[in-house]
Amino acid sequence: MKKDLITIDDLMDKVDDYIKNTKEREKILDAYYYAKEKHKGQYRKTGEEYITHPLNVALILTSIYSDSECLIAALLHDVIEDCDVDIDEFKERFGLTVYRLVDGVTKLGRLHFSTDNDYLVEYYKKIIVGMSEDVRVIIVKLADRLHNMRTLWATPIEKQKKKSKEVLEIFAPLAHHLGIHKIKSELEDLSLRYLKPTVFYDIADKLNKTKAERDTTVYEMQEEVTDLLNKHHIPHQIKGRAKSIYSIYNKLDKGKKFSDIYDLLALRILVDTEQDCYLALGLIHSKFRPLPKRFKDYIAMPKPNMYQSLHTTVFGIDGYLFEIQIRTYEMDEIAENGIASHWAYKENGGSKKTADLQSTTTQKLQFFKEIMELSNTNISSEEFVNSVKDEVLNNNIYVFTPKGDVIELPKGATPLDFAYKVHSKVGETTVGVIVNGNIVPLDYELKNNDIVKINTNKSAHPSKEWLNIVKTTGARNKIKSYFSKNEKEIFIERGKEYLEKELRKRKIPISDFYHDDNLKKVYKNLKIDNLEDLFYDIGSNKHAPNNVININYKEKEEEKPKLLKNIVKINDSSSDIIVDGIDKIKVSIASCCKPVHGDDIVGYITRGNGITIHRSNCRNLASMDDRCIKVSWDDKPTNKYYSDLLIRTNTLENKLADITSATSKISVNITSIKTISRDEYATYEMEVMVKNKEHLTKLLIDLNNLPYITSVERLIQ
Ligand code: MN
């Protein structure tokens, strides 16, 4: 462990590389001497003088180009906790900002995330929320933890395991979300070494044994790629890259074979511009066959922690598979240092850089927003801490919106979680989901890289059942709050909506229905007292709107013979219907509204019987809408379609022959025709077979043109 024995000169060497301001350098030195004095006589468990620890923490921070305040805070981070310090004097000497940083790190040091103790839980909450004030607290804390992990060998085994577990649960994910890959990856490897030493050394050993062979292959591949890019004048740099032991362990853990992983060689290509990234990719793909489905464009679609790069896997030389990353130098900087790359990239102004760092953190990092959102919701502290730990920090699937935005979700999340994350309104009106072009149920478990499309319907509502489906606290809370919005109110609103929709459908003027005399009869009949009760009963499905309307209005449809009722005519029209992304699925035409080719249609997912196609205005859809999906017609129909027509006349004369001849004139087949009413005038119901909507429309026009016909309408049963 020689590398821990560094001096202030080693640190200052690194500092000189990028901090040019003499005053700032003097302040760093001052902090060092102060800390050295305060820690005098204290030793680490490793046997070294205590000051080596703060020195190493600061040195780690120079590798991500931390600003001087951060370095000073790192040097001083343990003095308030461990030494006799006059707080006022400290603030005077190092300034309020440094004091706050040190104080923040000290408080974070007291956190132990895996306890049930309520007091501590409340305390964590404060700290986690507090980090939104200055993200540098977390960065210093990460460096502190990294050095402690490097020297963990000196602590008892039980503590080693506990610390390592905490690192995997909290600190490595934090580093990941801040995009500080360097620190994340070392933290993970160190934790694995203490948690599963056998596995760790086994992987390390295998990597070592094959290293020479892999190095040669990588070198040769590198040469070939360099030649290729040079030939096309793309300036670049190529790095072989080592896979971390932890990432290999992770893949093994997911059931992959070791040989599959260590055979996988990795290259990283750095170029000047985004355009060169794509050019380089094209050249590489033209020379080396890419492995299907392994290409990822994180340039067009950056990860939520701002990571950008192109990823592809190709069959390289000697049949080896190569994982290739292509990115610009700036993207590489962000990939390695995450938000800390602000320090490296913005040349001027220390305080401006820090402000950038903070604003990027709060505005661009999804996990930060989520923590803030969670802290504003009404959940118990324990729930809060668990959500942060399980959902925000240990998020590990990425899914895409159809537009390509990346949404990060916890493992096990469902499309409903996704919908609520996109927007509460989207969540609340979700009626169906398409993942990668396939219809899936609402409780489908989302996988990495799924493309998720949510179908919504303005009049749809959340269902209580959803509470059992969603995995995220955010979605659960939004659903709960929807329902706590007074259930009665929701039912009343919904009842009114259902009733009036039905009235419009039956062409009954709404004011007519609400006429006092009418209502009295309705109230009496249903044994209720007022309109609110009526709406409530309808909204809560106690009474169907139609039955309520029928109290005052005769339902004509009930009297007519249902001539089609028992004829189930489901023609297999699969070939004419396109269900987004699905090839082979049973599709049938709904017998209630009988859509014809060209109608606006909606698919309804039946239980175990494929998809039924309805007209989009079919009233039977209203109660089914959470299972509706988008479907469309094929351009070249091969089937003929049934349609039911209701023909009203202003005569009692028998016009059947006349209607029949008008119909056959335009080659429409009549499959049945029947007189269904003769009280004042004759009304007919006719079933025809047409090619498409155009054909049908032509028929409707022709019939309407007959002098004795007052109306022709398509029926919905
Ligand atoms: Mn420390």
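The rules we used
- Residues numbered from 1 in each chain as written.
- Predicted model: local features only at pLDDT ≥ 70, side-chain atom pairs only at ≥ 80, totals over all residues.
- Heavy atoms only, no water.
- Helix = DSSP H or I, 4+ residues; strand = E, 2+ residues; numbered from the N terminus.
- Buried < 20%, exposed > 50% of the residue type's maximum accessible area, 1.4 Å probe, protein only.
- Polar contact = N/O pair within 3.5 Å; in protein donor to acceptor, adjacent residues only side chain to side chain.
- Contact = heavy atoms within 4.5 Å.
- Pairing = 2+ DSSP bridges.
- Donors = N, O, S within 2.8 Å, 3.2 Å for Na, K, Ca; no water.

Draft legend 1. Representation of the side chain of H236 within the structure. Checked against the element boundaries, H236 lands in strand β1 (residues 236-240). Note on H236: relative accessible area 16%, which makes it buried. Within the structure, H236 has its side chain in polar contact with the backbone oxygen of I234 (distance 2.8 Å). Residues within four places of H236 in sequence aside, it is in contact with T226, L229, N230, I269, L270, V271 and Y329.

Draft legend 2. Structural view of the pairing of strand β19 (residues 683-690). The buried count for β19 comes to eight of eight residues, which makes it a mostly enclosed element. Side chains of β19 alternate between two faces, with T683, E685, E687 and M689 and Y684, M686, V688 and V690 buried alike. Pairing analysis gives eight bridges linking strand β17 (residues 641-649) to β19, with the strands arranged antiparallel. Each residue of the ladder has a partner; that of L646, found in β19, is E685.

Draft legend 3. How the structure looks around the environment of N337. Of note, N337 is situated in helix α15 (residues 329-337). Its relative accessible area of 2% is what places N337 among the buried residues. It is 8.4 Å that separates the C-alpha atoms of N337 and I183, two residues lying 154 residues apart in sequence. Setting aside anything within four residues of it in sequence, one finds N337 in contact with S63, I64, Y65, L178, G179, I180 and K182. Among the polar contacts made by the side chain of N337, one reaches the side chain of K182 at a distance of 3.2 Å. Within the structure, the side chain of N337 is placed 2.5 Å from the side chain of E333, a separation counted as a polar contact.

Draft legend 4. Region of the structure containing the coordination of the manganese ion. Protein coordination at the manganese ion: the donors are H53 (NE2), H77 (NE2), D78 (OD) and D144 (OD), at 2.1 to 2.5 Å from the metal. Expressed as a motif, the donor residue spacing for the manganese ion is H-x23-H-D-x65-D. Remark: D144 occurs in helix α8 (residues 136-150) and D78 occurs in the loop between α4 (68-76) and α5 (79-82); sequence separation between them is 66 residues.

Draft legend 5. How the structure looks around the environment of K40. With respect to the helices and strands, the residue K40 is situated in the loop between α2 (22-38) and α3 (52-62). Taking the C-alpha atoms as reference, K40 lies 7.6 Å from Y50; in sequence the two are 10 residues apart.

Bear in mind that shape data such as this cannot, by itself, settle questions of function.
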